[in-house]
Amino acid sequence: MLFRSENMLNYAFKQAQKMGAIRNSIRKGKGNYAGFVGEAAVRQFFGMPLELNQNTYNFDVIFDDTTFDIKSKQTTVVPKPDYEVSVCDKNTFQKCAAYLFARVYWPTYAEDPLKVFLVGWYPKIAYYEKSVFCPKGGQSLSNTNDFIVKEDCWNMFHKDLFDVRERSEEHT
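Residues numbered from 1 in each chain as written. Predicted model: local features only at pLDDT ≥ 70, side-chain atom pairs only at ≥ 80, totals over all residues. Heavy atoms only, no water.

Draft legend 1. Highlighting the packing of helix 1 (residues 6-19) against helix 2 (residues 32-45). Remark: helix 1 packs on helix 2, axes separated minimally by 8 Å, with the N-to-C direction vectors making an angle of 135 degrees. Judged by the inter-axis angle, helix 1 sits oblique to helix 2. When the axes of helix 1 and helix 2 are compared, the crossing they make is right-handed. For the pair formed by helix 1 and helix 2, the contact residues are Met8, Leu9, Tyr11, Ala12, Phe13, Gln15, Ala16 and Met19 on the first element and Asn32, Tyr33, Phe36, Val37, Ala40, Ala41, Arg43 and Gln44 on the second. Across the contact of helix 1 with helix 2, the residue classes tally to twelve nonpolar, three polar and one charged. (Axes fitted to C-alpha atoms, helices over the stretch in contact; angles between N-to-C directions. Helix = DSSP H or I, 4+ residues; strand = E, 2+ residues; numbered from the N terminus. Parallel < 35°, antiparallel > 145°, perpendicular 65-115°, else oblique. Left-handed = near helix turned anticlockwise from the far one by under 90°. Contact = heavy atoms within 4.5 Å. Nonpolar A, V, L, I, M, F, W, Y, C, P; charged D, E, K, R; others polar.)

Below, the structure is given as structure tokens:
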């Protein structure tokens with residue numbers, strides 16, 4: 001878990017304003033701020049300057065010669081191991097080596113996100129071998145709530161991801 005800083009929030013807000021609505025966005029640009037908070041948290045975790053903008057359509061960060069696309073979800077609850085991560089089926093063509101998943105904790109009472117949880121990472125090719133396809137309009141993997149999948153996507157449980165503190169050759 002990472003606590004957010006005012007620098008992170010200011011950076012994320014400016015980046016989100018610049019980006020606007022993007023193609024293939026499930027939330028039509030409304031999740032940009034949380035997405036950039038997640039990216040800023042990853043940069044902080046890796047010891048990278050916020051201003052080091054490596055962001056492309058295909059990936060968000062290069063660390064140790066690995067290209068990561070950061071997938072951030074805004075949440076009002078603290079994540080648990082049986083929660084899921086998703087990659088939208090429209091984004092399967094992105095050219096990255098791995099996905100890194102962040103949960104941006106933003107309770108309804110808060111004006112801005114309070115914390116970021118880096119819930120794990122997974123190599124892209126292996127992700128599609130291990131994840132499960134969830135069709136639009138269907139249920140997610142856990143079927144424990146009434147969540148209806150908004151777009152075709154590929155899901156995995158948090159507990160099946162690799163810890164972000166443990167990156168090794170055997171996983172890439």
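Draft legend 2. Looking closely at the side chain of Thr75. Residue placement: Thr75 occurs in strand 3 (residues 66-75). At 3.1 Å, the side chain of Thr75 and the backbone oxygen of Val77 are in polar contact. Ignoring any residue separated from it by four or fewer positions in sequence, one finds Thr75 in contact with Arg103, Val104, Tyr105, Trp106 and Pro107. (Polar contact = N/O pair within 3.5 Å; in protein donor to acceptor, adjacent residues only side chain to side chain.)

Draft legend 3. The arrangement of the sheet that holds strand 3 in detail. Taken together, five strands build an open sheet; the order of strands is 1-6-5-3-2 and the sheet is mixed. For this open sheet the edge positions go to strand 1 (2-3) and strand 2 (61-63), each flanked by a neighbour on one side alone. In this sheet, strand 6 (residues 115-123) lies alongside strand 5 (residues 98-105) in antiparallel orientation, the contact comprising eight bridges. Within the sheet, the bridge partner assigned to Arg103 lies in strand 6 and is Phe117. Packed onto the sheet, helix 2 meets strand 1, strand 2, strand 3, strand 5 and strand 6 and runs at close to 130 degrees relative to strand 3. (Pairing = 2+ DSSP bridges.)

Draft legend 4. Structural view of helix 1. Here helix 1 spans 20 Å end to end across 14 residues, near enough to the 20 Å set by a 1.5 Å rise per residue. Looking at the buried residues of helix 1, the elements they touch are strand 1 and helix 2. (Expected span 1.5 Å × (residues − 1).)

Draft legend 5. Seen up close, the pattern of salt bridges. Summed over all chains, the structure comprises three salt bridges. Notably, a salt bridge pairs Lys90 with Glu151, separated by 3.4 Å at the nearest N-O pair. Taken together, the residues span a long stretch of sequence, with Lys90 in the loop between strand 4 (84-88) and strand 5 and Glu151 in the loop between strand 7 (132-134) and strand 8 (153-157) at a distance of 61 residues. The residue Asp163 makes a salt bridge to Arg165 at a minimum N-O spacing of 2.5 Å. (Salt bridge = Lys/Arg side-chain N within 4 Å of Asp/Glu carboxyl O.)

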